[in-house]
Amino acid sequence: MATAALTRRGMFARPRATTGWWSWVTTIDHKKIGILYGVTAFVFFLIGGVEALFIRLQLARPDGQVLDAELYNQFFTMHGITMIFMVVMPMGVALMNYFIPLMIGARDVAFPRLNAFSYWVFLFGGIFVYSSFFLGGAPDGGWFGYAPLSRTLPGHGMSYYSLGLQILGIASLAGAVNFIVTILNMRAPGMTFMRMPVFIWMSLVVSFLLLFAMPVLAVALFQLMFDRLFGGNFFNPAVGGDPLLWQHLFWVFGHPEVYILILPAMGIVSEVLPTFSRKPLFGYAAIVFAGVAIGFMGWGVWAHHMFAAGLGPVANTAFALTTMFIAVPTGIKIFNWVGTMWGGSIRLTTAFLFAVGFVAMFIIGGLSGVTHAFVPHDAQQTDTYYIVAHFHYVLFGGAIFGLFGGLYYWWPKVFGRLLGERLGKLHFWLYFIGFNLTFGPMHIVGLQGQPRRIYTYPENMGWDLWNLVMTVGAFVIAVGTLVFIVNAVLSRKRGEEAVADPWDGRTLEWTTPSPPPEYNFSDVPLVTHRDDFWHKKYARTPEGEPVRVFAGAEHADDDEHHHGIHLPSPSYFPALAALGMPFLGYGTVYKILPAMIVGAAILLLGLFGWGLEPSVEE
Ligand code: HEM
Ligand SMILES: [Cu+2]
């Protein structure tokens, strides 16, 4: 009742701000929300990167004095959490947010306000976790927070972990629900499943993985919260609790999580390689079904993270086999990407280089992954730098390279100007060289026994030279990141203006102007083929040669804000509802009931306002 009065009283009237900061606070436009996700994830990438540089500085020489043991524990834990939950996941969501509606021919996602809510919960969740550095100490029990250590570590760090990841999980779930409903219900006429671009397929698989994986983590985090704050004993072996329960729960979430991280990049690469090879994707159906198969098989391998936990030979063998099987669909994708380039007329753009870099680095990461599937091997490799090398080859060499490929590919559509190719190629080569210098030698020192998560090491272990090389490599990556920032700033200022279809693309997003108008399409497209835009552009001569027949995209309306197309109105209630989350978080960590009540009140006020406000302005 109160909220309805508030919304009707004009005091909270909703000014339709189309520019300025308020328009970003109240936006429910998927494109703007995509940009918010992208910029925020990039800022967290810089923060996670600086943490990594400090880690590398500490390990550059034996007996390093840059970080003490406790701060080192906080830095690698926060580095891992940041890169996974605040960088790779949201950067994938940023591109999904911006491009799913454009690639399926829709005007927005199914639930625009829920979309805005998911962004603000992500932002406030990230700030909440990072505020711990200034409020007694950040999480310091490692990104997978093994119990019983995580339940007994002093300070509030791991309480921030249990509540912070909970809040971030809510943002992911809200996004997943939105994308599933959008992809299943809002495709343009004729856009059948087997005409959907692969990026859309991978987004659908990822959203279902999120839908089923995040609740598993949520259960574990609640149990950890109870153990730390409310006298629970879920993971306390002294009174019958089971620390292995945490490991099982964490990795039942954690392994599907690695596919949540990599599948968007695989979708991007499947868009970029055909465009710059000027060939349709080789084996479209095989790539799609391999992605779906990975989505299912990813649930049957989690205990390969626990080969050293003493589950016994039967369980180990079973999980070793399922882990080897999952290499098959991954291999299919790699052969299809190579098949796509084979015989193509290649344009060596920066986006293409990052996509090829993805394939090459992911192969290396995948192969070291297969070596972990052999239980005796893993007994030697687990918890060493060989493992750190493996997951950086798949998460950095894979996911981050793929995401940058997507950024260079879609940047002109989002911002109306191209990124510079010369700086782009410098960025790529600095990343390629820096990355392999940083993570390549980790395989060597790992097999020589250097454990992960140690803040220093004595001289003459044979690790000195390689650790110095790794640190130099990390700074080369840092320089590459600066080159990207310079490129982005220069592009915004005076980059080459982008036409609607700068790359001679294949899919629907290239039929809209750069950037697209608020409503995306003035007319909902009618889809008749896979790679529909290509087929609309090129008829074929009797000899099969492509002949361009269609001039391309529609023009933007002069006044894009009065177009008569129904679009939901901006709203600040999703942001308000999200603001309740950190209050609930702080109230729980410090057991301050009033803070919890304030948090719940803000959340409810936001949800009621959101639910009661008219969908369009009166
Ligand atoms: C920017 C360049 C990066 C450098 C130099 C770097 C370096 C490192 C190092 C040295 C460690 C091991 C710390 C230790 O065990 O003591 C580490 C851990 C980790 N890194 Fe990175 N990393 C980088 C980027 C990334 C990216 C892009 C991701 C993920 C997407 C990532 C995810 C992780 C994770 C999950 C851990 C494990 C943290 C833990 O043990 O709890 N890193 N990183
Ligand atoms: Cu795994």
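Up top is the structure.
A quick note: this is a predicted structure, and the numbers were derived from the prediction, not measured.

A. Geometry of the coordination of the iron atom of ligand 1. Within the protein, the iron atom of ligand 1 binds to His-79 (NE2) and His-392 (NE2); these donor distances fall in the range 2.0 Å. For the iron atom of ligand 1, the six donor atoms in the first shell make angles of 88 to 179 degrees at the metal, a pattern classed as octahedral. With His-79 in helix 4 (residues 69-104) and His-392 in helix 15 (residues 385-415), the pair connects residues that are 313 residues apart, well separated along the chain. Residue classification places His-79 among the buried positions, given a relative accessible area of 14%. Residue classification places His-392 among the buried positions, given a relative accessible area of 14%.

B. Summary view of helix 15. At Tyr-409, helix 15 is bent by approximately 45 degrees, the largest bend along its length, and proline Pro-412 sits one to four residues beyond. Within helix 15, 29 of the 31 residues are buried, which leaves it mostly tucked inside the rest of the structure. Capping the start of helix 15, Thr-384 holds a side-chain oxygen 3.1 Å from the backbone nitrogen of Tyr-386, two or three residues further along. Looking one or two residues past helix 15, Gly-416 carries a phi angle of roughly 75 degrees, positive in sign.

C. Highlighting the environment of Ala-41. Secondary-structure assignment places Ala-41 in helix 3 (residues 30-59). Here the alpha-carbon distance between Ala-41 and Val-88, two residues 47 residues apart in the chain, equals 7.6 Å. Every residue in contact with Ala-41, bar those within four places of it in the chain, is listed here: Met-86, Val-87, Pro-90, Met-91 and Phe-122.

D. Region of interest: the site of ligand 1. Ligand 1 sits among 25 residues. The nearest are Tyr-72, His-79, His-392, Arg-452 and Arg-453. Note that an oxygen atom of ligand 1 is positioned 2.5 Å from one of the side-chain N or O atoms of Tyr-72. Between ligand 1 and Arg-452, the relevant distance is 2.8 Å, taken from an oxygen atom to a side-chain nitrogen or oxygen of the residue. Mapped by element, the contributors of at least two residues to the shell around ligand 1 are helix 3, helix 4, helix 15 and helix 16 (421-447). A class-by-class count of the residues in the shell around ligand 1 yields 17 nonpolar, five polar and three charged.

E. Focus on the nonpolar core. By size, the foremost hydrophobic cluster in this structure holds 176 residues, and its most contacted members are Phe-85, Trp-337, Phe-358 and Phe-404. Considering every element that reaches this core, the biggest residue donor is helix 4, with 23 residues. Both of domain 1 (32-568) and domain 2 (569-618) provide at least three residues apiece to this core. What Phe-85 contacts, discounting residues up to four positions off in sequence, is Pro-90, Phe-122, Trp-143, Leu-165, Leu-168, Leu-217, Phe-253 and Glu-257.

F. Molecular detail of the packing of helix 15 against helix 16. Packing of helix 15 against helix 16 brings their axes to within 7 Å, and their N-to-C directions diverge by 165 degrees. Regarding the angle of helix 15 to helix 16, the classification is roughly antiparallel. Of the two elements, helix 15 crosses helix 16, and the hand of that crossing is left-handed. A breakdown of the residues in the contact of helix 15 with helix 16 according to their chemical character gives 18 nonpolar, nine polar and no charged.

Rules used throughout
Counting starts from 1 at the beginning of each chain's written sequence and moves along it residue by residue. Ligands are numbered from 1 and chains lettered from A, in the order in which they are written. Restriction of local features to residues with pLDDT of at least 70 applies here, the model being predicted, together with a cutoff of 80 or more for giving and counting side-chain atom pairs; totals for whole chains, interfaces and linings are based on all residues. Excluded from the side-chain calculations are hydrogens and water; all other atoms, namely the structure's heavy atoms, are used. Excluding water, the donors of a metal are its N, O and S neighbours within 2.8 Å, or within 3.2 Å for Na, K and Ca, and that exclusion means sites may look incomplete. Tetrahedral means four donors with every angle between 85 and 135 degrees, whereas square planar (four donors) and octahedral (six donors) require angles over 155 degrees between opposite donors and between 65 and 115 for all others; sites fitting neither are termed irregular. Runs of E in the DSSP output that reach at least two residues are strands. Runs of H or I that reach at least four are helices, and both are numbered from the N terminus. Any residue under 20% of the maximum accessible area for its type is buried, any over 50% is exposed, and the rest in between are partly exposed; the area is computed with a 1.4 Å probe on protein chains only. Two axes define the bend at a residue: one fitted to the seven residues ending there, one fitted to the seven starting there, and the bend is the angle between them. Polar contact criterion, stated in full: a pair of N or O atoms within 3.5 Å, where within protein one must be able to donate a hydrogen and the other to accept it, and residues adjacent in sequence count only if both atoms are side-chain atoms. Between two residues, a contact is recorded if the distance between any of their heavy atoms is within 4.5 Å. Here a residue is near a molecule or strand as soon as one of its heavy atoms is found within 4 Å of it. Under the scheme applied, nonpolar residues are Ala, Val, Leu, Ile, Met, Phe, Trp, Tyr, Cys and Pro; charged residues are Asp, Glu, Lys and Arg; polar residues are all the others, including Gly. What is meant by a nonpolar core is a set of buried Ala, Val, Leu, Ile, Met, Phe, Trp, Tyr and Cys residues, joined one to another through side-chain atoms within 4.5 Å. An automatic or database domain assignment supplies the residue ranges for each domain. In this analysis an axis means a line fitted to C-alpha atoms, helices contributing only their contacting stretch, and an angle means the value between N-to-C directions, from 0 to 180 degrees. For classification, angles of less than 35 degrees are called roughly parallel, those exceeding 145 degrees roughly antiparallel, those between 65 and 115 degrees roughly perpendicular, and all remaining angles oblique. Crossing handedness follows the turn of the near helix against the far one: under a right angle anticlockwise gives a left-handed crossing, and clockwise gives a right-handed one.

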